[in-house]
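Letter by letter, the chains look like this.
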2 protein chains.
Amino acid sequence: MNLRVPGPTPCPDVVLQAGAAPMVNHRGKEFAAVIEEVTANLKEIFQTKHDVLTLTASGTGAMEASVVNMLSPGDKVLCVSIGAFGDRLTSIAEAFGAQVIKLPFPVGTAADPGAIKDALSKDSEIKAVLVTHNETSTGVTNDIQAISKAVKEYDKLIIVDAISSMGSVPFPVDDWDCDVVMSGSQKGWMCPPGLAMVSVNERAWEAHKQAKMPRFYWDFTQTKRSLERNENPWTPAVSIFFSMQVALRLMKEEGMEVIYARQEKIGKMTREGVKSLGLSLFAEESHASNTVTAVTVPEGVQAGDLIRTIRDEHAVELAGGQASLTGKIFRIGHLGLVTEEDITQVLEALRESLPKVGFSGGLTAKTVQEAR
Amino acid sequence: MNLRVPGPTPCPDVVLQAGAAPMVNHRGKEFAAVIEEVTANLKEIFQTKHDVLTLTASGTGAMEASVVNMLSPGDKVLCVSIGAFGDRLTSIAEAFGAQVIKLPFPVGTAADPGAIKDALSKDSEIKAVLVTHNETSTGVTNDIQAISKAVKEYDKLIIVDAISSMGSVPFPVDDWDCDVVMSGSQKGWMCPPGLAMVSVNERAWEAHKQAKMPRFYWDFTQTKRSLERNENPWTPAVSIFFSMQVALRLMKEEGMEVIYARQEKIGKMTREGVKSLGLSLFAEESHASNTVTAVTVPEGVQAGDLIRTIRDEHAVELAGGQASLTGKIFRIGHLGLVTEEDITQVLEALRESLPKVGFSGGLTAKTVQEAR
């Protein structure tokens, strides 16, 4: 199966095999060395000299952890949302009693840093800005550098969901002065899901000291204290740490600049390929994601039919739309382990399948014939 | 390495290899079938016809989930503790604003159901009782059947940490009328850590409806709603689900009664073996655990020296004491994948190592000679 959902991503065999190593004592020397190496390599890729904490959870756990470690009930926060994952961050802040000011942008578009600045200028009580870097549900990448600059003009905390971007597209955490940035093992890291990572800088640690939202499992103080001994406070996902150790070595071997260039090239190739089939990109192209491409389901086609046909006849697994976008878009994941051949296969599968599920628009008669 | 810490436990090769299978779409049919099978088998072993939810987290995550889904801030709860994990459950309840009434028992002893009944009779406002089944830090198993009976006489909710017992010792959840019972993949289930499971009965669902502690990642309503489609609300630990699928098949093949008998026999063998070396069991023997044995570090011996010697010279990994018991006890894990040969190796390692680290008491001259 050519697994082209935006996570879990395919994992290299050596990464999977590393995860199948026998268990070890999670409080022993051998495992401490794994945590030490993984943490050092994560810090390199996050481009931060500050802390990168690891949590046994999926990405949503890291989102919750970031909220409850930084805020107190009643704190005013600006929640920027451009899709389902921005909405999720908003819901978490609300669930824990933050006073949420919503700043939504239409799905398919990116957040406007100017609008964020406006919102901050109107309310000096806002304590933090929650924002998604790469919105997996719409295939849009926000300009976090510009957003962070706007937030820092007002000296507020910025908490960034980079779950589906970190490690795949450049995100220099310290240069962009982002206080809390999260990611998840099953995205660009080419590992199974179950491990989440969060960077925490000095400003974030200061905020953490004042933050009164209730927490235990996610508590950053406990996590940091354990990490100083290269441990986790609770029993960590040992097998996923083993996978991550090897995956990070592979990433360093390939080189981050090479990975970023590959991701960019593949993003472009996916978008050009989709358009050449007569389909429309869902995301505004100026902010189209290089890790996931959302495509508008053309008229006359049922998204479910298309996805099923492509899976059953071509062994290519695509993702549908989420929440309000169900049936309206389909998504091609291209982060982590992905080659140009993988995308060619996706495009060929689309070319052959679209006419079978009712699509003719956009394809010239000749193209349709070629596709058959 | 003969890994004899009380979790992570050794995993059978087929279980590890199952976890190394290629990733799949966590919202696809193939993975739904895995969740369906795992859930059905978990229910069988929990001996419940009610729900068993799966969470991507370690056991402590399941503890937090159980608290925040059942209680509201200000709720009065009776926290029974016989060691570090009972204390942890207490700390979680406190962190989320419960009004905690502590009922501690001396480490090494079991909780007295009569004392629990007394506490309940004195305060009708108590809403729930939090209690550990098998206290991993002291090697004591509480009599949950009797405790649950006491709790039910007062019609209160009982929330049980069975993380290191479920699947290894009999715990018929419905028969014993326990409302919320949790476990973790890295214990008797012979899987890597990262997946936690929680059973929830009707009384617990009623309590959940009123429970106002803030939650998002752990929310049982969301988990149950997704589970109805054989999904998890967030990206689950796919590889550990794969492992769990195979591990549960192995457990059913061996037969639960056979497993329980094996665990009982091995527990007894461990305790008898330890005593025959002239060492003292830390736990009161009437309630000694069949999954972990705590041994008092004899006078003149440094726990660290003993553990290190046994690891370096015999490739046997034991656990030290936790919190206040650091240096005072060492622990032998014998849950999940464990044979009599594994325990014989532990006892031989102890027999040979003890004299080297300063122990002579209890061993006759002849025994010491034999050991050398």
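In this text, all values refer to a predicted model and were calculated from it rather than measured experimentally.

K.L.:
In this structure, what is going on with helix α9 (residues 238-254) of chain A? I would like to understand it.
P.N.:
At 3.6 residues per turn, the α-helix brings residues three or four places apart onto the same side. Between its first and last C-alpha atoms α9(A) spans 25 Å; for 17 residues at 1.5 Å apiece the expected length is 24 Å, and the two agree. Most of α9(A) sits inside the fold, with 12 of its 17 residues counted as buried. Taken together, the buried positions of α9(A) are occupied by V238(A), S239(A), I240(A), F241(A), F242(A), S243(A), M244(A), Q245(A), V246(A), A247(A), L248(A) and M251(A). Looking at the buried positions of α9(A), the neighbouring elements they touch are α1 (13-19), α2 (29-46), β10 (195-200) and α10 (256-276) of chain A together with α9 (238-254) of chain B. Remark: G255(A) follows α9(A) within two positions and exhibits a positive phi of approximately 95 degrees.

K.L.:
I'm lost on the packing of α10(A) against helix α12 (residues 340-353) of chain A in this one. Help?
P.N.:
Packed helices, taken two at a time, are described by their axes: the angle between them and the distance between them. All names here are of chain A. Relative to each other, α10 and α12 sit at 15 degrees, their axes nearing to 10 Å. Our classification of the angle between α10 and α12 gives roughly parallel. In terms of crossing hand, the pair formed by α10 and α12 is right-handed. Contact residues: I266, M269, T270 and G273 in α10; E340, I343 and L347 in α12. By residue class, the composition of the contact of α10 with α12 is four nonpolar, two polar and one charged.

K.L.:
So what exactly am I meant to see when it comes to the confidence of the model for chain A here?
P.N.:
The predicted coordinates ought not to be read in detail in places where the model reports low pLDDT. Residues and elements named next belong to chain A. The predicted model of chain A averages 96 in pLDDT, with 97% of residues at 70 or higher. Overall, residues 364-372 carries pLDDT values under 50, and its contacts beyond four positions in sequence, including any with other chains, amount to six contacts. Reported confidences for the modelled complex are a pTM of 0.96 and an ipTM of 0.96.

K.L.:
Can you help me understand the pairing of strand β3 (residues 76-81) of chain A in this one?
P.N.:
Look at any regular strand and the pattern is simple: side chains alternate between the two faces of the sheet. Residue and element names in this part refer to chain A. β3 sits mainly inside the fold: five of its six residues count as buried. Summarising the sheet, β3 and strand β4 (residues 99-104) pair through six bridges and their orientation is parallel. Residue pairing across strands places K76 opposite Q99, the latter belonging to β4. Assessed by its sense of winding, the connection that carries the chain from β3 through helix α4 (residues 84-95) to β4 is right-handed. Summarising the sheet, β3 and strand β5 (residues 126-132) pair through four bridges and their orientation is parallel. From the neighbouring strand, L78 faces β5, where its bridge partner is V129.

K.L.:
Which parts of the structure should I look at to understand the relation of the copies chain B and chain A?
P.N.:
Mapping between the two chain copies consists of a rotation about an axis together with a translation along that axis. When chain B is brought onto chain A, the operation consists of a screw motion whose angular component is 180 degrees and whose axial shift is 0.0 Å, with 0.0 Å RMSD remaining. Interpreted geometrically, this transformation is the action of a two-fold axis. Residue A57(B), judged by its C-alpha, is the member of chain B lying nearest the rotation axis, at 2.6 Å. In this assembly the copies share their binding face: 100% of the residues contributing to the interface of chain B also contribute to that of chain A.

K.L.:
Mind showing me how you'd approach the sheet that holds β3(A) here?
P.N.:
Whether parallel or antiparallel, the strands of a sheet pair through hydrogen bonds between backbone atoms. All names here are of chain A. As summarised here, the arrangement of the seven strands in space is β2-β10-β9-β8-β5-β3-β4, forming an open sheet in which the pairing is mixed. A single partner strand is all that each edge strand has here, and the edge strands are β2 (51-56) and β4. Ignoring strand direction, the axes of neighbouring strands in this sheet form an average angle of 20 degrees. With respect to the sheet, helix α3 (residues 59-70) is in contact with β2, β5, β8 (157-161), β9 (180-184) and β10, its orientation differing from that of β9 by roughly 160 degrees.

K.L.:
Can you walk me through the sheet that holds strand β10 (residues 195-200) of chain B in this structure?
P.N.:
Residues and elements named next belong to chain B. Read from one edge to the other, the open sheet built from seven strands follows the order β2-β10-β9-β8-β5-β3-β4, with strand pairing classed as mixed. On the outer flanks of this sheet lie β2 (51-56) and β4 (99-104), each paired with one strand and no other. Neighbouring strand axes in the sheet, compared pairwise and without regard to direction, differ in orientation by 20 degrees on average. Against the sheet, helix α3 (residues 59-70) engages β2, β5 (126-132), β8 (157-161), β9 (180-184) and β10, with an angle of about 160 degrees to β9. Contacting β2 and β10, helix α8 (residues 220-227) runs over the sheet at an angle of about 105 degrees to β2.

K.L.:
What should I look at first to understand helix α6 (residues 144-153) of chain A in this one?
P.N.:
Residues and elements named next belong to chain A. Taken as a whole, α6 has its buried residues at I144, I147, S148, A150 and V151. Buried residues of α6, viewed axially, fall in a sector of 160 degrees; they line one side. Looking at the buried side of α6, the elements it contacts are α5 (113-122), β5 and β8. Immediately downstream of α6, the backbone of D155 shows phi near 55 degrees, a positive value.

K.L.:
What exactly am I supposed to notice about the interface of chain B and chain A here?
P.N.:
How big an interface is tends to be stated in terms of accessible area lost as the parts join. Listed per partner, the contact involves 45 residues of chain B and 45 residues of chain A. At the level of elements, α1 (13-18), α3, α4 (84-95) and α9 of chain B are the ones that each hand at least two residues to the side of chain B that touches chain A. A class-by-class count of the residues in the side of chain B that touches chain A yields 24 nonpolar, 18 polar and three charged.

Conventions adopted
Residues numbered from 1 in each chain as written. Chains lettered and ligands numbered in written order. Predicted model: local features only at pLDDT ≥ 70, side-chain atom pairs only at ≥ 80, totals over all residues. Helix = DSSP H or I, 4+ residues; strand = E, 2+ residues; numbered from the N terminus. Expected span 1.5 Å × (residues − 1). Buried ≥ 20, exposed ≤ 12 C-beta atoms within 10 Å, placed from the backbone. Contact = placed C-beta atoms within 7 Å. Axes fitted to C-alpha atoms, helices over the stretch in contact; angles between N-to-C directions. Parallel < 35°, antiparallel > 145°, perpendicular 65-115°, else oblique. Left-handed = near helix turned anticlockwise from the far one by under 90°. Nonpolar A, V, L, I, M, F, W, Y, C, P; charged D, E, K, R; others polar. pLDDT = per-residue confidence, 0-100. Pairing = 2+ DSSP bridges. Right-handed = clockwise from strand over helix to strand, strands pointing away. Least-squares fit on C-alpha atoms with pLDDT ≥ 70 in both. Arc of directions from axis to C-beta.

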